[in-house]
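# Summary of structural features
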Amino acid sequence: MNVETVSTAPIEGQKPGTSGLRKKTAVFMKPGYLENYVQAVIEGVGGVEGRTLVVGGDGRFFNDKAIAVILRMLAANGAARAIVGQNGMLSTPAASNLIRKRGAFGGIVLSASHNPGGPEGDFGLKFNIANGGPAPEAITDAIFARTRALTEYRILTEEAPPLSSLGETRLGGMIVEIVDPVKDYVALMETLVDFERIRRLFASGFSLRFDAMHAVTGPYAKAILEGALGAPAGTVVNASPLPDFGGHHPDPNPVHAADLFRLMFSPEAPDMGAASDGDGDRNIVLGRGISVSPSDSLAVLAANIHLAKGYGEGLKGIARSMPTSRAADRVAQKLGVDLFETPTGWKFFGNLLDAGRATICGEESAGTGSDHVREKDGLWAVLLWLDIVAARGQSIAEIVTEHWRTYGRDYYTRHDYEGISTAAGDELMADLRASLETLPGRTFAGLRVSVADDFAYEDPTDGSVTRRQGVRVLFENGARAVFRLSGTGTEGATLRVYLETFEPDPSKHARDPQEVLAGVIAAADAIAGIRQRTGRTAPDVVT
Ligand code: G16
């Protein structure tokens, strides 16, 4: 085994964000950039000697080349075994499952999620720990500290084996095991939802369009929906993963999944529409003429999850990220279970799931998951919806409107201002933070502020505290505006403004959220000076 020790120096800015390190692909491809970061990960997690790691990614441009480097570095640093998805492919939830199932030390997952791919696009790398979930902040902080002190990295001089054939090969002292990326995931899904019941639903003529957005979920969705569940061929569209996602953003939102949204609001709409993102952890669900907001999806799934076979005992608790609407809180209250409000980032759910305090988690950013893995899981959410539709014998629209009748409707929208200057974003947030004490009592666009704060989270399982997680402004009429900067962008800053208001009266549940929230939107702009500071007249993305 020939290990080369290469001298290097720290590279600026290798700081993991909301979900690992995300940068332009061209940045990741600069000489030594990937190598430095991988060595920092290896050292930041305490070394990999004698350990087993799962490696895979969403198949985007540079995925295979990066994996070859990572394998040579894991071998050079003494890892015993690398379990790799065939052709380097593993969806994020499938990687989480493999780590857990195989008792691995952790995993290296390559993805920039919903961000575009290709030489001009984005790339990303995150480390997941033994529970299958994204590394918590103590570990990402240790990784970042290593990136700032690195003097050398270790890499094998031998080439990595091809990733196309299943089975075991040797790379230096390490075994490289290439596995079917789909098989174990399908087996897991079968334990959670009733395949037989969903098969009957499809056999009765229920129609679905699942848009895999030319990303990693295609093969998983084909195997399960069109294979095991008998949905007609063509149910899964854009099913073959492409290194540049066909030139699109693999983000299941109204802008980037516009075709699906158009179809679902047309006379040709099937019974259900769904899509997932680049690495298969996000999802969106639509019914005929209705798009289910991710916050509502969490609430509806939580209220109905006992109908699915893997969740017959009901819920231990529900967790949502702070900017996610409070619809799930109403379900938790009715069920008499705890509701946890965490910062944005799936990594914050891991401890709650491990401690058995939450069963289902969700985020406004199109993420839902349960204690079956430690990542959000797009296809799982779609299967759970299908199982609930089959169990209740109702359409998506009927289920959602009935939910609103029972709990009231939390009108919700998120406005994103993408690629604004970092200075403008930082200044806006700094000024908001500076005004927190003086906001209560003041009136903006007719709405009076009752409380304003900067969200901080104390993890109830280990007492760790995470501060500065977003400015919350509560109005006297119960409406809420939240401001934060995205931690996943790769260009300038992205300002996210989350807006919501509660409507208990069922006769007022069929309105357009943008209209209902117009006052809150105007108040948010008046408070933060968004238009004036960013020079934008409208958000780039409205979810
Ligand atoms: C990641 C995180 C999510 C987060 C989302 C958006 O998702 O895992 O928890 O909600 O980013 O984060 P931000 O608002 O900071 O951009 P994904 O699907 O991108 O891995």
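Given the structure is predicted, the values throughout are model-derived calculations rather than measurements.

About the thresholds
- Residues numbered from 1 in each chain as written.
- Predicted model: local features only at pLDDT ≥ 70, side-chain atom pairs only at ≥ 80, totals over all residues.
- Heavy atoms only, no water.
- 1 Å grid on protein atoms, 1.4 Å probe; cavity = no way out; pocket = protein on both sides within 12 Å on 5 of 7 lines; lining within 4 Å.
- Points joined across faces, edges and corners; volume = space filled by probe spheres on them.
- Nonpolar A, V, L, I, M, F, W, Y, C, P; charged D, E, K, R; others polar.
- Helix = DSSP H or I, 4+ residues; strand = E, 2+ residues; numbered from the N terminus.
- UniProt positions renumbered as here; feature names shortened; annotations may be inferred.
- Pairing = 2+ DSSP bridges.
- Axes fitted to C-alpha atoms, helices over the stretch in contact; angles between N-to-C directions.
- Expected span 1.5 Å × (residues − 1).
- Buried < 20%, exposed > 50% of the residue type's maximum accessible area, 1.4 Å probe, protein only.
- Polar contact = N/O pair within 3.5 Å; in protein donor to acceptor, adjacent residues only side chain to side chain.
- Contact = heavy atoms within 4.5 Å.

In this section: empty space enclosed by the protein. Scanning the entire structure with this criterion turns up five cavities of 30 Å³ or more. Its volume calculated, the largest cavity comes out at about 250 Å³. Contributing to the lining of the largest cavity are 25 residues, with T18, R282, S365, K376 and T488 lying nearest its centre. By residue class, the composition of the lining of the largest cavity is three nonpolar, 10 polar and 12 charged. Estimated volume of the second largest cavity: approximately 90 Å³.

Moving on, we come to the layout of surface pockets. There is about 1,100 Å³ of room inside the largest pocket. Looking at the largest pocket, it is lined by 34 residues, and the ones nearest its centre are G17, T18, L485, S486 and G487. Looking at the lining of the largest pocket, the elements that each hand over two or more residues are β2 (21–24), α5 (137–147), α15 (422–434), β25 (480–485) and β26 (493–503). Looking at the lining of the largest pocket, its residues break down into seven nonpolar, 15 polar and 12 charged.

It is worth spelling out the UniProt feature "domain: Alpha-D-phosphohexomutase alpha/beta/alpha" (unreviewed entry) in the protein chain at this point. The sites that UniProt annotates as "domain: Alpha-D-phosphohexomutase alpha/beta/alpha" (unreviewed entry) are residues 14–153, 184–286 and 295–407. Taken end to end, residues 14–153 comprises 36% helix and 24% strand; its first and last C-alpha atoms sit 15 Å apart. The span residues 295–407 is 45% helical and 16% strand by assignment, and the distance between its end C-alpha atoms comes to 13 Å.

This brings us to the sheet that holds strand β15 (residues 317–321). Spatially, the four strands line up as an open sheet ordered β16-β15-β17-β18, and their pairing is mixed. With partners counted over all chains shown, the strands left at the sheet margins are β16 (338–342) and β18 (367–370), one partner each. Across the sheet, the mean angle separating the axes of adjacent strands is 15° when strand polarity is ignored. Strand direction decides the pairing type here: β15 and strand β17 (residues 360–363), joined by three bridges, are parallel. Bridged to A319 within β17 is C361.

Let us look at helix α13 (residues 378–392). Taking 1.5 Å per residue, 15 residues should reach 21 Å; α13 reaches 21 Å between its end C-alpha atoms and fits that length. A large share of α13 lies buried, amounting to 12 of its 15 residues. When α13 is considered as a whole, its buried residues turn out to be G378, L379, W380, A381, V382, L383, L384, W385, L386, D387, I388 and V389. Following α13 by one or two positions, G393 has its phi on the positive side, about 60°.

The next point concerns the sheet that holds β26. Strands sit in the order β20-β21-β24-β25-β26-β19-β27 across an open sheet of seven strands; the sheet is antiparallel. A strand with exactly one partner marks an edge of an open sheet, and here the two such strands are β20 (443–444) and β27 (541–542). Relative to β26, β25 runs antiparallel, the two sharing six bridges. Paired with V482 across the strands is Y498, a residue of β26.

Moving on, we come to the side chain of H415. Along the chain, H415 turns up in strand β19 (residues 409–420). H415 sits in the buried class, given a relative accessible area of 6%. Here Q514 takes part through its side chain, which lies 3.0 Å from a polar atom of the side chain of H415. Among residues more than four places away in sequence, those in contact with H415 are L495, R496, V497, L499, Q514, I521, P539, V541 and V542.

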